[in-house]
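Coordinate inspection notes
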Amino acid sequence: MNIIMFIIGLVIMFALMIKTKFGPFICMLIAGLFIGLASGLGTKGTIDGLVGGFGGTCKSIGLLVIFGTILGEYLEKSNACQKIAMTLLRFTGNKNATAALSITGFVVAIPVFSDVAMVLLSPIIKNVGKKSGKNACALGTATACSLLSTNAFVAPTPAPLAVVAILGLDVGISIAYGLVCAAVVTLAVWAFTEFYLLKKPDSWYTELPADEQAITDEKDVPESEMPSFISSMIPILVPIVLILLGSIGGQFLPKKSMALMVLKFLGDKNIALALGIVCSVLCLARFLPKKIRYVPMTSALKTSGTIVFITAAGGALSNIVKLTGVGNAFADALVALPIPVLLIPFLITGFSKFAQGSGSVAEILAAGLAVPMCEAGLMTPLEAFLSISAGASLGSHVNNSFTWVFSEFMGYDIKTTMKTLCVGQNVVMSLAGIAAAFAITAVVH
């Protein structure tokens with residue numbers, strides 16, 4: 001009976017997301033309230049479950065999302081993203097523009113939100129298309145899918161952080177294996193672009209009328225007014241390296257050694273990201289106008305607040321699923337299906353994204369359902385994380401905001417966007433991601 005109430009609750013949530021403008025925050029809380037009450041938790045038990053799940057998720061990822069957003073704003077406003085792209089393009093040349101833009105997307109989306117990064121990079125992509133003679137939409141697809149690969153797999157992006165918090169997985173471990181999977185996905189996207197999309201004639205792509213395209217011709221910034229490539233990369237690399245060293249050090253250093261204590265402190269996810277912000281201020285702040293040099297410290301709160309609350313609402317829903325026991329029952333039912341267990345979180349994520357459009361919401365929902373499978377020993381938290389992250393590319397179509405950002409800022413109609421970006425996500429990225437997850441699982445075991 002609880003499973004039926006759970007399914008009805010999900011239907012209500014998806015219906016509200018699709019048919020109303022309530023937003024995912026309210027929709028997930030309503031679904032959690034319904035599932036808790038309908039499954040017999042009672043009013044107090046349901047409210048306590050929602051509040052406990054909400055508070056626990058805020059505690060786990062609140063500061064991380066805020067710090068990551070501040071870091072991303074410094075990279076955005078200092079033109080560091082453009083500097084990374086220009087440096088890589090100069091190194092590879094126009095002939096290998098696809099590779100340069102793919103690497104740019106892979107790196108930039110670690111701290112910068114994929115939608116923002118797509119807007120920032122679209123003028124560069126168009127310019128590279130003109131200089132190289134390669135189709136801009138194809139190059140844009142390689143960049144966009146590379147952005148989405150690290151967006152799905154690598155913290156401090158909010159969705160991976162939320163999944164890690166729900167599953168109880170070490171952040172350093174998730175970054176190490178997430179980077180590998182994201183690299184595999186980016187390589188697959190490069191091949192898809194280079195050997196398929198760029199072989200198509202220009203007539204295969206349909207541009208939007210000029211008056212329907214978003215304005216992307218930003219004011220040219222001289223390179224002398226941009227940070228150096230090294231300065232642009234340091235704020236990205238420092239927190240990742242520190243977190244990884246903290247995780248690796250715990251495996252090899254004596255438990256009570258001073259070196260381990262230092263590494264554990266510096267490698268703490270919150271401290272590492274805070275040091276990333278320090279690096280961004282030291283390396284990038286001087287490239288912002290003096291009056292707004294420290295504005296990202298406060299302006300980022302507007303963006304990060306929304307993300308934290310939506311993620312925490314997903315944590316509240318996941319906690320209700322756990323308390324009702326429906327997660328265990330649902331996991332048992334799914335495991336009975338004649339498919340590999342590793343595919344289950346992947347398919348749940350893809351179905352959820354197809355229904356309501358948000359990859360982050362889909363990942364959070366799937367993480368809550370994967371917890372009982374991990375507790376039952378059917379899969380490890382790492383396996384669940386990789387499966388869910390791979391599934392974030394599945395189910396992408398016109399109800400996803402990134403689809404429209406791509407269409408408008410690259411200047412191509414929705415039909416062209418569907419057969420480039422959406423095929424890249426649903427087929428290339430999802431298959432490469434789940435294949436990488438299977439390969440890592442085999443190696444780890």
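Residues numbered from 1 in each chain as written. Predicted model: local features only at pLDDT ≥ 70, side-chain atom pairs only at ≥ 80, totals over all residues. Heavy atoms only, no water.

**Brief notes about the overall build of the protein chain**
Rule in force here: The secondary structure listing takes helices from DSSP runs of H or I that are at least 4 residues long and strands from runs of E that are at least 2 residues long, numbered from the N terminus. Within these notes, the globule rule equals 2.2 Å times the number of residues to the 0.38 power, and the radius of gyration is based on C-alpha atoms. Relative accessibility thresholds used throughout: buried, under 20% of the residue-type maximum; exposed, over 50%; partly exposed, between the two (1.4 Å probe, protein chains only). Any two residues having at least one pair of non-hydrogen atoms within 4.5 Å are treated as being in contact. The Shrake-Rupley method, run with a 1.4 Å probe sphere, supplies the accessible areas, and residue values consider only the shown protein chains as cover. The charged-residue count follows a simple rule in which Lys and Arg add positive charge and Asp and Glu add negative charge, with His and chain termini not counted at all. Positions of charges follow a simple convention, taking NZ of Lys, CZ of Arg, CG of Asp or CD of Glu.
The helix and strand inventory of the protein chain stands at 19 helices and 0 strands. Here the C-alpha atoms of the protein chain give a radius of gyration of 22 Å, agreeing with the 22 Å that 2.2 N^0.38 yields for 445 residues. The buried share of the protein chain, reckoned over its 445 residues, is 54%. Within the protein chain, residue pairs in contact and separated by at least 24 positions form 81% of the contacts whose partners lie at least 6 positions apart. Surface accessibility of the protein chain: about 18,600 Å² in total, with carbon and sulfur atoms responsible for 68%. Charged side chains in the protein chain number 28 positive and 22 negative. The centres of these two groups are separated by 5 Å.

**A closer look at the nonpolar core**
Applied cut-off: We define a nonpolar core as any set of buried Ala, Val, Leu, Ile, Met, Phe, Trp, Tyr and Cys residues linked to one another through side-chain atoms lying within 4.5 Å.
M13, M118, F153, L167, I175 and L386 are the most contacted members of the largest nonpolar core, which totals 130 residues. Tallying contributions element by element places helix 7 (residues 136–153) first for this core, with 11 residues. Among residues more than four places away in sequence, those in contact with M118 are I125, G140, A144, L147, F402, V405, F406 and M410.

**Comments concerning the packing of helix 15 (residues 343–356) against helix 17 (residues 381–391)**
Threshold: In this description, a line fitted to the C-alpha atoms serves as the axis of each element, helices being fitted only across the stretch in contact, and the angle between N-to-C directions of two axes falls anywhere from 0 to 180 degrees. Relative orientations are named as follows: roughly parallel for angles under 35 degrees, roughly antiparallel for angles over 145 degrees, roughly perpendicular for angles from 65 to 115 degrees, and oblique for any other angle. By convention, the crossing between two helices is left-handed when the near helix turns anticlockwise from the far helix through less than a right angle, and right-handed when the turn is clockwise. When residues are sorted by character, Ala, Val, Leu, Ile, Met, Phe, Trp, Tyr, Cys and Pro go into the nonpolar class, Asp, Glu, Lys and Arg into the charged class, and all the rest, Gly among them, into the polar class.
Their axes nearest at 7 Å, the elements helix 15 and helix 17 cross at an angle of 30 degrees. Compared by their axis directions, helix 15 and helix 17 come out roughly parallel. Of the two elements, helix 15 crosses helix 17, and the hand of that crossing is right-handed. In this structure, helix 15 uses P345, F346, T349 and G350 to contact helix 17, whose residues at the interface are A384, S387, I388, A390 and G391. Classifying every residue of the contact of helix 15 with helix 17 by side-chain character gives 5 nonpolar, 4 polar and no charged.

**Remarks on the pattern of salt bridges**
So the rule is basically this: Throughout this description, the term salt bridge denotes a Lys or Arg side-chain nitrogen within 4 Å of a carboxyl oxygen of Asp or Glu.
Applying the stated criterion across every chain yields a total of 2 salt bridges. Salt-bridge contacts for D48 lead to K44; the nearest nitrogen and oxygen are separated by 2.7 Å. Here K44 and D48 lie together in helix 3 (residues 42–77), a separation of 4 residues that amounts to about one turn. The closest approach of N and O atoms between E194 and K134, which form a salt bridge, is 3.9 Å. Taken together, the residues span a long stretch of sequence, with E194 in helix 9 (residues 171–195) and K134 in the loop between helix 6 (114–132) and helix 7 at a distance of 60 residues.

**Comments concerning the environment of V443**
Looking at the element boundaries, V443 is found in helix 19 (residues 414–444). Taking the relative accessible area as the measure of exposure, V443 reaches 72% and is therefore exposed. A C-alpha to C-alpha distance of 21 Å links V443 and M429, two positions 14 residues apart in sequence.

**So, the packing of aromatic side chains**
Put simply, the rule is: Each pair of aromatic rings taken from Phe, Tyr and Trp, with Trp reduced to its six-membered ring, is defined by centres within 6.5 Å and is described as stacked if the planes are under 30 degrees apart, edge-to-face if over 60, and tilted in the remaining cases. Whether a charge sits over a ring comes down to the Lys NZ or Arg CZ being within 6 Å of the ring centre and within 35 degrees of the ring normal.
For the structure on display, the rule yields 9 aromatic pairs. Chaining the aromatic ring pairs together yields one cluster made of F192, Y196, W204, Y205 and Y412. Cation over ring: K419 sits above W204, and NZ or CZ is 4.2 Å from the ring centre.

**Side note on helix 15**
This is how it is decided: In this analysis, the expected span of each helix is defined as 1.5 Å times one less than the number of residues it contains.
Given a rise of 1.5 Å per residue, 14 residues ought to cover 20 Å, and the 20 Å separating the end C-alpha atoms of helix 15 matches this to within 8%. Of all the residues in helix 15, the buried ones are I344, P345, F346, I348, T349, G350, S352, K353, A355 and Q356. Remark: G357 follows helix 15 within two positions and exhibits a positive phi of approximately 95 degrees.

**Quick notes on the side chain of S102**
Secondary-structure assignment places S102 in helix 5 (residues 97–108). Taking the relative accessible area as the measure of exposure, S102 reaches 2% and is therefore buried. Excluding its chain neighbours within four sequence positions, the residues that come into contact with S102 are A142, S146, T186 and W190.

**Points about the environment of L121**
Mapping L121 onto the fold places it in helix 6. Residues L121 and A136, spaced 15 residues apart in sequence, show a C-alpha to C-alpha distance of 12 Å. When sequence neighbours within four positions are dropped, the list of residues in contact with L121 reads C81, A85, T104, T143 and L147.

**Considering unusual backbone geometry**
The backbone of N79 sits at a positive phi, close to 70 degrees, despite the residue not being glycine. Note on placement: N79 falls in the loop between helix 3 and helix 4 (80–92). A relative accessible area of 16% places N79 in the buried class.

**Digging into a nonpolar patch on the surface**
The condition is simple: Put simply, a patch holds well-exposed residues, over 30% relative accessible area, that have no salt bridge, with like charges counted together within 9 Å and Val, Leu, Ile, Met, Phe, Trp or Tyr side chains within 5 Å.
On the surface, F22, I26 and I30 cluster together into a nonpolar patch covering about 240 Å² of accessible area. In this structure I30 comes out as partly exposed when scored by relative accessible area, which is 31%.

**With respect to the environment of S247**
Within the secondary structure, S247 sits in helix 10 (residues 229–252). On a C-alpha basis, the gap between S247 and D268 in space is 9.0 Å, while along the polypeptide they are 21 residues apart. Leaving out residues up to four positions away in the same chain, S247 has contacts with D170, G172 and I173.

**A few points about the confidence of the model for the protein chain**
Spelled out, the test is: As a per-residue quantity, pLDDT reports the predictor's confidence and falls between 0 and 100.
Confidence in the prediction for the protein chain averages 87 pLDDT; 96% of positions are at 70 or higher. Helix 17 holds the highest mean pLDDT among the elements of the protein chain, 96, whereas helix 14 (residues 326–335) holds the lowest, 69.

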